[in-house]
Amino acid sequence: MNKLLSESLATATAGVSLLHDALLNQGVSTQAVEWSPPLGGKDLHDVMADQRRSVANELALSKMLNSGAVLVDVKPASEALNLGRGEFLHAGPPIEWSRASGPMRGALIAAMLYEKMADSAEAAELILEKNGVALEPCHHRGAVGPMAGVVTPSMWMFELQDPSTGNKSWCSLNEGLGKVLRYGAYSPEVIERLDWMRDVLGPLLQVGVRAREEHIDVRAIISQMIQMGDEGHNRNRAGTLMFLRDLLPFMIEGGTSSDVARAARFVGGNDHFFLNLVMPACKLQTRAAENIPGSTIVTVMARNGTDFGIQTSGTGNEWFIGPAQTPHGLYLGNYTADDANPDIGDSAITETAGIGGFSMAAAPAIVRFIGGSVPDALATTRRMYEICEGENPTFGIPVLEFRGAPTGIDVTRVLRTGILPQINTGMAGKVAGTGQVGAGLVTPPMEAFTAAITGLATRIV
Amino acid sequence: MRRIEIRPGFYRDSVSLMQVSQRAGVGIDGALVAMATPLNVELAIQMGFVLPPTSPNDLIIAIDAPNEESLSHAFDVVEEVLEEQLRKSREQSSESGITPARTLGRTQGARIALISVPGEFAFIDAVDALENDMNVMIFSDNVTMQDEILLKDIALSRDLLVMGPDCGTAIIGGVGLGFANVVSPGSVGIIAASGTGAQHLTTLLDHAGVGISHCIGLGGRDLSSAVAGRSAKQALALLEADEHTDLIVFVSKPAAPEVAQSLKDIASGMKKKVIFGLLGSTGSDITETAEKVLDEIGVTDRPWVNEVATAGSTGSTGSTGGSLRALFAGGTLCDEAMLIASKRTRVPIFSNIPLEKEWLLDPFGPATSHAFIDFGDDAMTVGRAHPMIDSKLRIERLAKEINDPSCGVILMDVVLGHGAISTPGEELSATISESSKPIFISLIGTTLDPQNFERQKAILAQAGAKVFLSNAYATHAALDALGVPR
């Protein structure tokens, strides 16, 4: 029986402050919520009235929490994804050359040169302008790509699997920082590095991964790195070194010493190497929660440099789009805000899974790098709990008494609170060929969430 | 000179904004700081402002002042007060050491959620609270019937109670929620489909020395055919099981006959006695209901039969001519008075909440015959605080009626208690004292209310009003003054 009349009364109020004050004056334990009018109009109302939502969201969260991610193989995209010649994948929602931003174009040019489909940037552009290459989002094949996220058939991919569902996800090998394909650079050094990764690094990683008796548990490494100052998006230093520790002995046993030395130097010198394992692990987590009718939980956030797109559990693979925003943060060298391209990359899958910007409180070491302060970082993570379905105890944040990472972005909570997901990100130069110009913070456009609530409302049965 | 500023998407609740308007309006011609709801836009236009297109989520700052200096000063005051309110709420939250939650579902340990957000959004917050196992009181009005039914069905499936929408009053375990008077603890449990009805019944019982266990609010529509007493049935079960309750009293505006019957059927199978006080042409008024309760428990004291304070002139003898104008803050009190007036005069009683459809009155226009205005009606509170919080519209109307030759007698209520204005008598007294017409006031309150009952009674009487504890008795006295036969 309802204990309303027998329990001591504790209240919460939303609305007129005077009614809250009247309770305080009576000495009642009461909390006033910081309320603001919700966005989303009738569609939000109808989704809140949908009796499937509450149960569906609980299920989505539990599927995310029960998912896993182990590294099962390393192999070329042609094998892993059945990617054929003339087929490229890219980050974010679908885009064609005519609407592509500078860094996306630069990366596609680099991909043409790398795959020897053109012998100059100009020749590559001519082919791309005529849509001579089939472009498709990474997410459509269950893969993820950082920044421009361009994947070509001969690039080597990490292959991860979720033991709870059997799902697989893939991501290319990280090239390092500066002038690299994913930031839109296509100079000869970029192509030479990609060649070495294809000819030496990829096969060596494959030997190491295949030689291990047990798969490397990527999710377990993420859990540890969160306690070592990484947030899994803009800081992956601890994760990278733990990964190298687990794999290096097997690479040494299977490779020539000069190759292994160069590979170890390359991986160890690139703090972001492990990002390309965190991302597919996060993809497996959110993919586990896909396609639950009535669920308003976000399963994908991704950007192509022009558009920001999200997908939700209850709406399958439909994209809800708004304009990509330009990040705020710090710039490398002489670059300024004028040089930065709007937001780009599938790496926001980390925030979708509750780490990255959502777990900023775990990474005080990098708050200045992206233009923030330690109190900002704590406030950011606390704010993200307001828009999430729950918490992930596997990713405990030490400074918050090991409270689990805020997990399962709920579209209805975003619209009700007006709080947008906080994303940590790198910034690409807006002119094709520039490379990285900085790093900072960005949010999705609210339009993506108002479009998603309409998509959810139209599916109410 | 006039200047208007629109701040898109800037939200503050109507009570806070009323305080801003009041502070900014001192010494100038007019100040309206309010959300751009249709009602407030209309008010701004009436004040002579020209508005750009707005949405109800935008803030209007409209200032009318004699010169540039006072105009810009008023804008500075608006800014200051808005800032001050923000600072105050931040200080409150930092004192408690917790960042305030942004949604009810994220608060910790609350067992009841009190929702007073604008009505169109109240459903969303109520669903959130129910899904997080909170009982809900919805103070907001302007919630659709369909949403009310859905909320009550969700609550029933989770063994939770929804009080409202448009539930102004509840007292749970001695704690007043919304507008509630400070009453003594006792063993009478009240179920009320009417906020001011509940306030009136609890205060009458208190004056007679009878305390209450709980007062469960239902919202004004719970006993309609469509809602079918969903919350009422739960409330009966809760009070039947409550160890502190011996006698149950049901008070409501006119109820759908079949719903009233089904509740009586349930009550007849209960161990505890249930007294029904349903207003209506065949029902009893609130004072009669209070008297039935006293009869049941053997209390003979009836402290409300005479006026409790007056300035001295008798006034109630003989006819004054003209018609009766009643200006109510409490909807049920207005209903009750109309039923009494209709029965005694046998002529149409015009109102914005009329007893008969044909008796509809525009509450902003002049009246020619008997007219009863409920200033707390939904249509008059969109984007504006309830008249028990903001008395401006009612005082303006009172001044008009005093000068209207067709008005003979004025009837009003003054409701005290938690949530209501702290100085209602002080706000009314200057206008009342200008009246040459008799003004009858039902003063709804108890001696423990924060406003100081004795002081309010004295102020109103000194201004010239005739003060009653009972709304029914005040109404009868007003009709007597008009010369209407009993």
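Residues numbered from 1 in each chain as written. Chains lettered and ligands numbered in written order. Predicted model: local features only at pLDDT ≥ 70, side-chain atom pairs only at ≥ 80, totals over all residues.

So, on to the overall build of chain A. Broken down by element type, chain A carries 15 helices and 17 strands. Relative to the globule expectation of 23 Å for 461 residues, the C-alpha radius of gyration of chain A, 23 Å, shows essentially globular dimensions. Taken along its principal axes, the extent of the C-alpha atoms in chain A is 75 × 45 × 45 Å. Burial statistics for chain A: of 461 residues in total, 59% are counted as buried. (Helix = DSSP H or I, 4+ residues; strand = E, 2+ residues; numbered from the N terminus. Rg over C-alpha atoms; globule rule 2.2 N^0.38 Å. Buried ≥ 20, exposed ≤ 12 C-beta atoms within 10 Å, placed from the backbone.)

This part covers the overall build of chain B. In terms of helices and strands, chain B carries 14 helices and 18 strands. For chain B, whose C-alpha radius of gyration is 23 Å, the value lies close to the compact-globule estimate of 23 Å for 486 residues. Considering only C-alpha atoms, chain B reaches an extent of 70 × 60 × 40 Å along its principal axes. Expressed as a percentage of the 486 residues in chain B, the buried residues total 53%. Taking contacts inside chain B between residues at least 6 apart in sequence as the whole, the part at least 24 apart equals 71%. (Contact = placed C-beta atoms within 7 Å.)

Residues and elements named next belong to chain A. The strand order across the open sheet built from 3 strands is S12-S17-S16, with neighbouring strands paired in antiparallel fashion. Where the open sheet ends on each side, the last strands, each with one partner, are strand S12 (328–331) and strand S16 (423–428). Averaged over neighbouring strand pairs, the angle between their axes works out to 25° when direction is ignored. Where S12 lies against strand S17 (residues 436–442), 4 bridges are found, and the strand directions are antiparallel. Bridge pairing links Tyr 331 to Gly 438 in S17. (Pairing = 2+ DSSP bridges. Axes fitted to C-alpha atoms, helices over the stretch in contact; angles between N-to-C directions.)

To continue, consider the domain arrangement of chain B. Residues and elements named next belong to chain B. Each domain of chain B was delimited in the assignment, giving domain 1 (2–95), domain 2 (101–165), domain 3 (172–302) and domain 4 (323–482). One C-alpha centre belongs to domain 1, the other to domain 4; they are set 28 Å apart. Listed by partner, the interface residues are 10 residues for domain 1 and 6 residues for domain 4. Contributions of two or more residues to the side of domain 1 that touches domain 4 are made by helix H1 (14–24), strand S2 (30–35) and helix H2 (38–46). Along the lines of polarity and charge, the residues of the side of domain 1 that touches domain 4 split into 7 nonpolar, 3 polar and no charged. (Domains from an automatic or database assignment. Nonpolar A, V, L, I, M, F, W, Y, C, P; charged D, E, K, R; others polar.)

Residue and element names in this part refer to chain B. If you trace the 3 strands from one edge of the open sheet to the other, you get S1-S3-S2, paired in antiparallel fashion. The open sheet has two free edges, formed respectively by strand S1 (2–7) and S2, since each of these has just one partner strand. Strand-to-strand twist of the sheet, defined as the mean angle between neighbouring strand axes without regard to direction, takes the value 5°. Where S2 and strand S3 (residues 59–64) come together, 6 bridges link them in antiparallel fashion. Considered in S3, the bridge of Gly 30 is made with Asp 64. Lying over the sheet, H1 contacts S2 and S3, oriented at roughly 165° with respect to S2. Each of S2 and S3 touches H2; the most contacted strand, S2, lies at about 160° to it.

It is worth spelling out the interface of chain A and chain B at this point. Opposite the 38 residues of chain A that make contact, chain B presents 48 residues. Taken together, the elements giving at least two residues each to the side of chain A that touches chain B come down to strand S1 (10–14), helix H1 (17–25), strand S2 (29–32), helix H2 (41–49) and helix H14 (411–417) of chain A. Looking at the side of chain A that touches chain B element by element, the count peaks at 5 residues for S1 of chain A.

In the predicted model, chain B carries a mean pLDDT of 91, and 96% of its residues have values of at least 70. Prediction confidence for the complex, expressed as pTM and ipTM, is 0.89 and 0.92 respectively. (pLDDT = per-residue confidence, 0-100.)

Moving on: the environment of Asp 335 of chain B. Residues and elements named next belong to chain B. Positionally, Asp 335 belongs in helix H10 (residues 331–345). Taking the C-alpha atoms as reference points, Asp 335 and Asp 285, separated by 50 residues in sequence, lie 9.7 Å from one another. Each residue touching Asp 335, except ones within four places of it in the same chain, is listed here: Lys 253, Leu 279 and Ile 353.

Residue and element names in this part refer to chain A. Packing of helix H8 (residues 218–226) against helix H11 (residues 275–287) brings their axes to within 10 Å, and their N-to-C directions diverge by 110°. What the angle tells us is that H8 and H11 run roughly perpendicular. Note on packing geometry: the crossing formed by H8 with H11 is left-handed. Here Val 218, Arg 219 and Ile 222 of H8 lie close against H11, whose contacting residues are Leu 277, Val 278 and Ala 281. Along the lines of polarity and charge, the residues of the contact of H8 with H11 split into 5 nonpolar, no polar and 1 charged. (Parallel < 35°, antiparallel > 145°, perpendicular 65-115°, else oblique. Left-handed = near helix turned anticlockwise from the far one by under 90°.)

Residue and element names in this part refer to chain B. Contact geometry for helix H11 (residues 392–402) and helix H12 (residues 424–433): axes closest at 9 Å, N-to-C directions at 15°. If you check the angle between H11 and H12, you find them roughly parallel. Considering only the axes of H11 and H12, their crossing is right-handed. Of the residues in H12, those touching H11 at Ile 395, Leu 398 and Ala 399 are Glu 427, Leu 428 and Thr 431. Partitioning the contact of H11 with H12 into residue classes produces 4 nonpolar, 1 polar and 1 charged.

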